[in-house]
Amino acid sequence: MLLQMAFAECPPPNAANCRAVGCVSRQRSLHLPHLDMNSAALSATPAGSHSTSASDNSVHKSLREYARGVAGGLIFSLPLLFTMEMWWAGFILSPERLLGCVAGTFVLLLGYNRFAGLHEDASWAEVAIDSVEEMGLGLLLSTAILWLLGRIEFGMAASEIVSKIVIEAMTVAIGVSVGTAQLGGASDEANEAADESQSEKEAGFGGQVVIAGCGAILFAANVAPTEEIIMLGIELSPGRLLGIALFSLLLGAVVLYCSDFRGAQRLSPARGPLSIVSGIVVTYAVALLSAAAILWFFGRFDGMHISKIVAQTVVLGLPATLGASAGRLLLQRQ
Amino acid sequence: MKTPHKNWLEWTVFGVGAVLVVATLGFLAFDAATLGSAPPGIEARLGRPQRLKKGYAVPVTVVNHGDATAEGVAIEVTLQRRGRATQSGEFEVAFLPRQSKREGWVVFDADPQAGRLEARVKGFEAP
């Protein structure tokens, strides 16, 4: 919104000059203080007096990114911050499992930032720094919200407080990461980047799997800790479970290949029947694996018979498939 | 390896984030290393009875000294007069985490100070 308003204030540049670097970049340095240092330095020539504000600009830009991150973190994790099973998990789960959760989340953040993150050509060092920042923001945000909700108090045992914060902070961190990358307006920076890196940005097979996993976890985590999954897993007949599995596969196929979903074209250029089938199978496999990982983490497999383990995984596999297919397409930078 | 170019704000956020993450990991690792395997050890402590409009309320603090969380902890408090249980009150604590305490109340018609109160943990579930 802000960006569009800023543009609206500019006098309409005449068509011939509009594409010229000087004109466009001067407008930007006057009205849109969110360039990174490099491009600010490049564009400094026509508006030399503004070059001193380059570092201000970059701080401004970072602030905006953090604001987007905070909003995104809350959008994706607020349902979980308001879920009792999550608070209970905070004191039921062992510290080892929580450590595993932190490690797993960090890997997901690394993967997401690397393949779909805001900074297109980021090195692994930058990706790691971004991931640590997002985790820190996640911890701070979840502490604040849990305190506001009265879920953590000063008299509580330290282990209870820390566990509750950690378990909530992990989804917040993923939300922060996605929010920072996704919620930005149609900024010129993104357009530029899209032009430049259309080709190099095509995440390969590994990247697609990572982003699909992110989407699956982001979607499935919202329902995974609830009692409903365990209830469904126990009550549903094998026939219905098979139905759910087939419906999940169909859903994946529709989203990825039939619905003209945003970004679907780019992801599945080869349209042979074999590649379609393999795409759907891989998506569903990622969804099932993610679902099983989350369920195991919440202790839903403890003491369960193998048939109930599979049943719960298939039930949670439905939202996870939606995340791995639709979520994956939405999580990609366009 | 090229140094990532970042401004002071980003370095600050990174610094705070790194400290938080390391502290969290450190705490969890320490917690994991020192955590024993004692089952939930639950104790119910009675406080001073307070007069209500009708009857008397007695605060009860339920403490878990063990290393595991207890779910659905049932607490019963009986009022004994002349060696006989005259009335009892009970409540349930939904979750009692390890090394934590929760508060509850039991209510009696007669003044508990006239007799003797006895608190008992009836049972609980392993979550």
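Please read all numbers here as calculations on a predicted model, not as lab measurements.

A. A look at the overall build of chain B. Summing up its helical and strand segments, chain B has one helix and seven strands in all. Starting at the N terminus and walking to the C terminus, you meet the elements of chain B as α-β-β-β-β-β-β-β. Here chain B holds 127 residues, and 39% of them are scored as buried.

B. Up close: empty space enclosed by the protein. All names here are of chain A. Evaluation of the coordinates by the stated rule reveals two cavities of 30 Å³ or more. In this structure, the second largest cavity spans a volume of roughly 30 Å³. Elements with a contribution of two residues or more to the lining of the second largest cavity: α6 (84-92) and α9 (158-182). Element by element, the count of residues in the lining of the second largest cavity is highest for α9, at three residues. A class-by-class count of the residues in the lining of the second largest cavity yields three nonpolar, three polar and two charged.

C. Broad picture of the environment of Leu 109 of chain A. All names here are of chain A. Following the sequence through the fold, Leu 109 ends up in helix α7 (residues 95-116). On the accessibility criterion, Leu 109 (2% relative accessible area) is buried. Separated by 68 residues in sequence, Leu 109 and Ser 177 place their C-alpha atoms 7.1 Å apart. The residues contacting Leu 109, other than those within four sequence positions of it, are Ser 131, Glu 134, Met 135, Ala 173, Ile 174 and Ser 177.

D. Geometry of the side chain of Ser 248 of chain A. Tracing the backbone through its elements, the reader meets Ser 248 of chain A in helix α13 (residues 238-258). Leaving out residues up to four positions away in the same chain, Ser 248 of chain A has contacts with Tyr 284, Gly 317, Leu 318 and Thr 321 of chain A.

E. Layout of helix α1 (residues 8-34) of chain B. Residues and elements named next belong to chain B. Relative to the 39 Å expected for 27 residues at 1.5 Å per residue, α1 spans 38 Å between its end C-alpha atoms, a close match to the ideal helical length. Within the span of α1, buried status applies to Leu 9, Glu 10, Val 13, Gly 17, Val 21, Thr 24, Leu 28, Asp 31 and Ala 32. The N-capping residue of α1, defined by a side-chain oxygen 3.1 Å from the backbone nitrogen of Leu 9, is Asn 7.

F. Structural context of the sheet that holds strand β7 (residues 116-125) of chain B. All names here are of chain B. Taken in spatial order, the three strands make up an open sheet running β5-β4-β7, and their pairing is antiparallel. Two strands bound the open sheet, and with one partner strand each, they are β5 (84-96) and β7. The mean angle between the axes of side-by-side strands here comes to 20 degrees, regardless of whether they run parallel or antiparallel. Pairing of strand β4 (residues 70-81) with β7 involves eight bridges; the strand directions are antiparallel. Following the sheet pairing, Gln 80 is matched in β7 by Arg 116.

G. Focus on the pattern of salt bridges. On inspection of all chains with the given rule, the structure shows nine salt bridges over all chains. Notably, a salt bridge pairs Arg 98 of chain B with Asp 31 of chain B, separated by 2.8 Å at the nearest N-O pair. Placement of the pair is Arg 98 of chain B in the loop between β5 and β6 (100-108) and Asp 31 of chain B in helix α1, with a sequence separation of 67 residues. What makes Asp 31 of chain B buried here is its relative accessible area of 9%. Of the charged contacts, one joins Arg 116 of chain B and Glu 118 of chain B as a salt bridge, the two residues approaching to 3.1 Å between their closest N and O atoms. The class of Arg 116 of chain B is partly exposed, set by a relative accessible area of 48%. Among the ionic contacts, a cluster of salt bridges with common partners joins Glu 160 and Lys 164 of chain A together with Arg 102 of chain B.

H. Representation of a nonpolar patch on the surface within the structure. On the surface, Trp 147, Leu 148 and Phe 154 of chain A cluster together to form a nonpolar patch covering roughly 460 Å² of accessible area. Of note, Trp 147 of chain A is situated in helix α8 (residues 124-148).

I. How the structure looks around unusual backbone geometry. All names here are of chain B. Phi is positive for Arg 82, close to 50 degrees, though the residue is something other than glycine. Its place among the elements puts Arg 82 in the loop between β4 and β5. Although it is not a glycine, Gln 99 sits at a positive phi angle of roughly 50 degrees. Here Gln 99 shows up in the loop between β5 and β6.

What counts, and where the lines are drawn
- By convention here, each chain's residues receive numbers from 1 onward along its written sequence.
- A letter from A marks each chain and a number from 1 marks each ligand, given out in the order of writing.
- Two thresholds apply to this predicted model, a pLDDT of at least 70 for residue-level local features and 80 or more for giving and counting side-chain atom pairs, whereas whole-chain, interface and lining totals are computed over all residues.
- Neither water nor hydrogens contribute to the side-chain values; these are computed over all heavy atoms in the structure.
- In DSSP terms, a helix is any run of H or I states spanning at least four residues, a strand is any run of E spanning at least two, and both are numbered starting from the N terminus.
- In this scheme, a residue with accessible area under 20% of its type's maximum is buried, one over 50% is exposed, and one in between is partly exposed, where area comes from a 1.4 Å probe on protein chains only.
- For cavity detection a 1 Å grid was placed over the protein atoms alone, and a set of points counts as a cavity when a 1.4 Å probe fits there but cannot get out; an open set counts as a pocket when protein lies on both sides within 12 Å along at least five of seven lines, with lining residues being those that have an atom within 4 Å of a point.
- Grid points are joined across faces, edges and corners, and a volume is the space filled by probe spheres set on the points.
- Side-chain classes are defined by residue name, with Ala, Val, Leu, Ile, Met, Phe, Trp, Tyr, Cys and Pro counting as nonpolar, Asp, Glu, Lys and Arg as charged, and the others, Gly among them, as polar.
- Residue contacts follow a heavy-atom distance rule, with two residues in contact if any of their heavy atoms lie within 4.5 Å.
- Expected helix span is taken as 1.5 Å per residue step, with the number of steps being one fewer than the number of residues.
- By the criterion applied in these results, polar contacts are pairs of N or O atoms within 3.5 Å in which, for protein atoms, one can donate a hydrogen and the other can accept it, and in which residues neighboring in sequence qualify only through two side-chain atoms.
- A pair of strands is considered paired only if DSSP assigns at least 2 bridges between the two.
- Lines fitted to C-alpha atoms define the axes here, with helix axes fitted over just the stretch in contact, and angles between the N-to-C directions of these axes take values from 0 to 180 degrees.
- The term salt bridge refers to a pairing of a side-chain nitrogen on Lys or Arg with a carboxyl oxygen on Asp or Glu at a separation within 4 Å.
- Within this analysis, patches are made of residues with over 30% relative accessible area and no salt bridge. Like charges are joined at 9 Å or less; nonpolar side chains (Val, Leu, Ile, Met, Phe, Trp, Tyr) at 5 Å or less.
- Here the accessible surface of atoms and residues is derived via Shrake-Rupley with a 1.4 Å probe, and residues count as covered only by protein chains that are part of the display.

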